[in-house]
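In case you want the letters, here they are:
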Amino acid sequence: MINIKIEGISYQVEEGLTILEAARSCGYEIPSLCAFNHGECNQGSCRVCLVEVVGARGLVASCVYPVHEGMEILISTPKATQARRRSVELLLSNHNKNCQQCDKNGKCELLHVATITGARDDAFKGEHSPTHLDYLAPGLVRDTSKCILCGRCIARCKNAQGLGILGFENRGFNTFVSPAEDRSFADSPCIQCGQCVNVCPTGALMEHSEIAKVDQAFKEGKHVIVQAAPAVRAALGEEFDYPIGTPVTGKMIAALRRLGFERVYDVNFGADLTIMEEGSELLQRLQNGGTLPMITSCSPGWVNYAEYQYGDLLDHLSSCKSPHQMQGAIIKSYWAKQNGYDPKDVFVVSVMPCVAKKFEKQRDQLKVDENYDVDAVITTRELAKMIKRSGIRFDRLPDEDWDQDIMGDYSGAGVIFGVTGGVMEAALRTVYYKLTGQEYGRIAFDEVRGHDAGIREATIDINGLEVKVAIASGMKSAKPLLDDIRNNKSPYHFIEIMGCPGGCINGGGQPYVKPCFLPNEDDNILDTYKEKRAKALYSEDERQIVRQSHNNPQIIELYDKYLKEPNSHLAHKLLHTTYASREGFNEIK
Amino acid sequence: MAKLNVQAVQKIKDICERYKDEKTPLMMILHDIQHEYGYIPLEVQEIVSQETGITVAEIYGVVTFYSFFSLKPKGKYVIGCCLGTACYVKGAQQVIDKFQEILHIAPGETSEDGLFTLDALRCIGACGIAPAVSINGTVYPKMEVSQVPKIIEQYRKDAEVA
């Protein structure tokens, strides 16, 4: 501990902290903008967090300046407050200030510091640097007229995915952030996971909104069906000021119904279906000498990564479609037939914690008889927007239940798909049963649970057959597993890979976790939010009576009446897909 | 992406190999490639990325930051017009305008015949002889607009002979 003074008052703080962190521990929140999450991004570029340090030359950027013994820090002097205001005004002078049109409005950190520093938007007038727009990629959009060049997105892409798609281009006034060559995300090896969107302080990086598409489908009088992924219920509440980790399943269903969707389904049914197919596929591979290890294919960010970086390993991917695509295919075939609808009149909307799903749903490989399985994907954030604009008071909604016809039941195994290790655990529950004829005693496979970025592994003894499994989330963590497979050194039978660190609960379409907008959460919320959201899902699993996919009665019925058995001819047509190696920097015509 | 031939790929890998023990090898690698080929296109940056583990975006950022590096092939003769403060007040803008007018290219571009590239430079440290123009390392002191056509003509003749 060292002794410092802030505004003349003595404090003891830990050594090695920056002024910003030390001040926070003493109860001061210095306005700051570019700094993020324990120095994950620390370019010190925005100059918003300037403070006076007695004896220092000029003002210092508190986000990068370390505290030392005897340091005297002054935050509220006229010099410091004016300098912080001036820094924000300079940022605003080169900013596209159409705030009311901006999807980040309400969660914009630039607007936040502008408000608290009292910045005037016309303090500096002059030329704006050229704008670069990218609306080509289905998942993400980029608008540099709102970029403040903080570098958070660049750091996150490197830290989470090991990719570094984004970088600074050019210099001086003409600097902008972009994939190399000012390419679109669509023409670079970007996996469209959206982690960059989650950290962008402004509206420069956003999901590619599809709310208008959904509106259009309603307008055309289509049968608009909605299905929501497990991770959405664990985070949607945050958009309505519930504490992080509050499950809001019942209210979400009520809201979806009030938005006019003809049916409200849970993607967990699709998750159970995935387990039936994927479990059978794994057994076949184990018993018939198929390609091992088999790797899960639920995460479209991961599938994109595999196609770009590991085109030689695509045989290892399960041929199963992801749960919402499977469910979409069933809705447009079996369900449509049962209801006497032409599949062309059915419009399937998926609510996802993910922006890569927006890319996935338009893959040519995910069509059955010329119909896309899913027509629109909206994120958790977009759903919140739809609820808010409809005047629905979320907190006043009753708890309602999913529509029960055909696809209403789901097991606890389906719920935990939303967290890293969940697909593995769900699959093991069913594979164990298939091989032994008995349920696994404990139900919860604690070995595969966790939130760390690293690799988790376990060996499950099934009737003397030792099944070795591994789990990774985030491509940076997954890379060593993949390199081992490439070099024939992988000891595993089954690997779960999720595109985002922590799995879907931390997806690129989830509500923003920005401490400045979360005054009631803990100071270390950026370290704990993934665990809190995961807990919401694990608790729902525990509450389910049926906790294994193969025991879901409607799944059993679907196979009895329609699909016959996992991996049947019909199941293959509807529920399985193919992959293709892709070139990262393709030739642009 | 246009594919490079095997020799070119090997050559770039060799250049990367030269600096494998350096802590920050990127500038040296790019310098050598620029010297060897006269430009550093994206497909070359991809190879450097594979060899060094530095991301393509970061390499591209460095290439576009320094005006010394070029993304496009340069002409046989690279005309560098200094537009630093001293040269500018001595009429460098009129000089570069004249080059543009005759060659029909903007600064940073290369003429269609591949002979000339026109670069606008910041101070090249020759303020005493402002306005200064440097062509392939030869410095032309105290340039006047009227000299420009003659100089271009001379280089065209040289190119024909060669």
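Residues numbered from 1 in each chain as written. Chains lettered and ligands numbered in written order. Predicted model: local features only at pLDDT ≥ 70, side-chain atom pairs only at ≥ 80, totals over all residues.

1. A look at the overall build of chain B
Inference 1: Secondary structure summary: chain B contains seven helices and four strands in total.
Inference 2: For chain B, the C-alpha atoms occupy an extent of roughly 50 × 35 × 25 Å along the three principal directions.
Inference 3: Per-residue burial over chain B gives 27% buried out of 162 residues.
Inference 4: Considering only residue pairs separated by 6 or more positions, chain B has 63% of its internal contacts joining residues 24 or more positions apart. (Helix = DSSP H or I, 4+ residues; strand = E, 2+ residues; numbered from the N terminus. Buried ≥ 20, exposed ≤ 12 C-beta atoms within 10 Å, placed from the backbone. Contact = placed C-beta atoms within 7 Å.)

2. Overview of the overall build of chain A
Inference 1: Looking only at helices and strands, chain A features 19 helices and 20 strands.
Inference 2: Its C-alpha atoms give chain A principal-axis dimensions of about 80 × 55 × 55 Å.
Inference 3: Expressed as a percentage of the 589 residues in chain A, the buried residues total 51%.
Inference 4: Intrachain contacts of chain A at a sequence separation of at least 6 include 75% that bridge at least 24 residues.

3. Topic: the nonpolar core
Inference 1: With 179 residues, the main nonpolar core has Val51, Ile73, Cys153, Ile225, Val349 and Val351 of chain A as its most contacted residues.
Inference 2: Beyond its immediate sequence surroundings of up to four residues, Val349 of chain A is in contact with Val214, Val224, Ile225, Val226, Asp375, Ala376 and Ile378 of chain A. (Core = buried A, V, L, I, M, F, W, Y, C linked by C-beta atoms within 7 Å.)

4. Details of the UniProt feature "binding site: [2Fe-2S] cluster" (unreviewed entry) in chain B
Residue and element names in this part refer to chain B.
Inference 1: Under the UniProt annotation, "binding site: [2Fe-2S] cluster" (unreviewed entry) lies at Cys82, Cys87, Cys123 and Cys127. These residues run over 46 residues, yet every pair of their C-alpha atoms falls within 9.3 Å of each other.
Inference 2: Considering the arrangement of structural elements, one finds Cys82 in strand β1 (residues 77-82).
Inference 3: Excluding residues that lie within four positions of it along the chain, Cys82 makes contacts with Cys87, Ala92, Leu121, Cys123, Ile124, Ala126, Pro131, Ala132 and Val133.
Inference 4: Take Cys123: it is sitting in the loop between β2 (116-121) and β3 (133-135).
Inference 5: If we skip the residues at most four places from it in the chain, Cys123 touches Cys82, Gly84 and Thr85. (UniProt positions renumbered as here; feature names shortened; annotations may be inferred.)

5. Focus: the sheet that holds strand β11 (residues 223-228) of chain A
Residue and element names in this part refer to chain A.
Inference 1: The four strands lie next to each other as β12-β11-β14-β17, forming an open sheet whose pairing is parallel. A strand with exactly one partner marks an edge of an open sheet, and here the two such strands are β12 (263-266) and β17 (376-379). Strand-to-strand twist across the sheet, computed as the mean angle between neighbouring axes with direction ignored, equals 25°.
Inference 2: Against the sheet, helix α13 (residues 380-389) touches β14 (346-352) and β17, its axis set at about 85° to β17. (Pairing = 2+ DSSP bridges. Axes fitted to C-alpha atoms, helices over the stretch in contact; angles between N-to-C directions.)

6. Overview of the domain arrangement of chain A
Inference 1: Parsing chain A into structural domains produces domain 1 (2-93), domain 2 (129-208) and domain 3 (212-575).
Inference 2: For domain 1 of chain A versus domain 2 of chain A, the distance between C-alpha centres works out to 28 Å. (Domains from an automatic or database assignment.)

7. Quick word on the domain arrangement of chain B
Inference 1: For chain B, the assigned domains read domain 1 (6-65) and domain 2 (77-161).
Inference 2: Its C-alpha centre places domain 1 of chain B at a distance of 29 Å from the equivalent point of domain 2 of chain B.

8. Description of unusual backbone geometry
Inference 1: Here Leu292 of chain A and Pro293 of chain A are connected by a cis peptide whose omega angle stands at -10°.
Inference 2: Among the secondary structure elements, Pro293 of chain A is positioned in the loop between α9 (267-288) and β13 (294-295).
Inference 3: Here the residue pair Ala130 of chain B and Pro131 of chain B is connected by a cis peptide bond, since its omega of -10° sits within 30 degrees of zero.
Inference 4: One non-glycine residue, Glu370 of chain A, lies in the positive phi region at around 70°.
Inference 5: Secondary-structure assignment places Glu370 of chain A in the loop between β15 (367-368) and β16 (371-372).
Inference 6: The phi dihedral of Asn463 of chain A falls on the positive side, at around 50°, and the residue is not glycine.

9. Some remarks on the packing of helix α2 (residues 78-93) of chain A against helix α3 (residues 109-117) of chain A
Residues and elements named next belong to chain A.
Inference 1: Viewed as axis vectors pointing N to C, α2 and α3 meet at an angle of 140°, and their least axial separation amounts to 9 Å. By the angle between their axes, α2 is oblique relative to α3. α2 and α3 meet at a crossing whose hand is left-handed. Side by side, α2 and α3 meet where Arg84, Arg85, Val88, Leu91 and Leu92 of the first sit next to Leu110, Val113, Ala114 and Thr117 of the second.
Inference 2: A per-class count over the contact of α2 with α3 returns six nonpolar, one polar and two charged. (Parallel < 35°, antiparallel > 145°, perpendicular 65-115°, else oblique. Left-handed = near helix turned anticlockwise from the far one by under 90°. Nonpolar A, V, L, I, M, F, W, Y, C, P; charged D, E, K, R; others polar.)

10. Overview of the interface of chain A and chain B
Inference 1: Facing the 16 residues of chain A at the interface are 11 residues of chain B.
Inference 2: The leading source of residues in the side of chain A that touches chain B is strand β8 (residues 166-169) of chain A, at four residues.
Inference 3: For the side of chain A that touches chain B, the class distribution of residues is six nonpolar, four polar and six charged.

11. A look at helix α8 (residues 249-258) of chain A
Residues and elements named next belong to chain A.
Inference 1: With respect to burial, α8 is a largely interior element, seven of its 10 residues being buried.
Inference 2: Turning to α8, the residues buried within the fold contact β11, α7 (230-233), β12, α13 and α17 (525-543).
Inference 3: One or two steps after α8, the chain reaches Gly260, where phi turns positive at roughly 100°.

12. Observations concerning the environment of Asp266 of chain A
Inference 1: Here Asp266 of chain A shows up in strand β12.
Inference 2: When residues no more than four places from it in sequence are discounted, the contact partners of Asp266 of chain A are Gln227, Ala228, Trp402 and Tyr410 of chain A.

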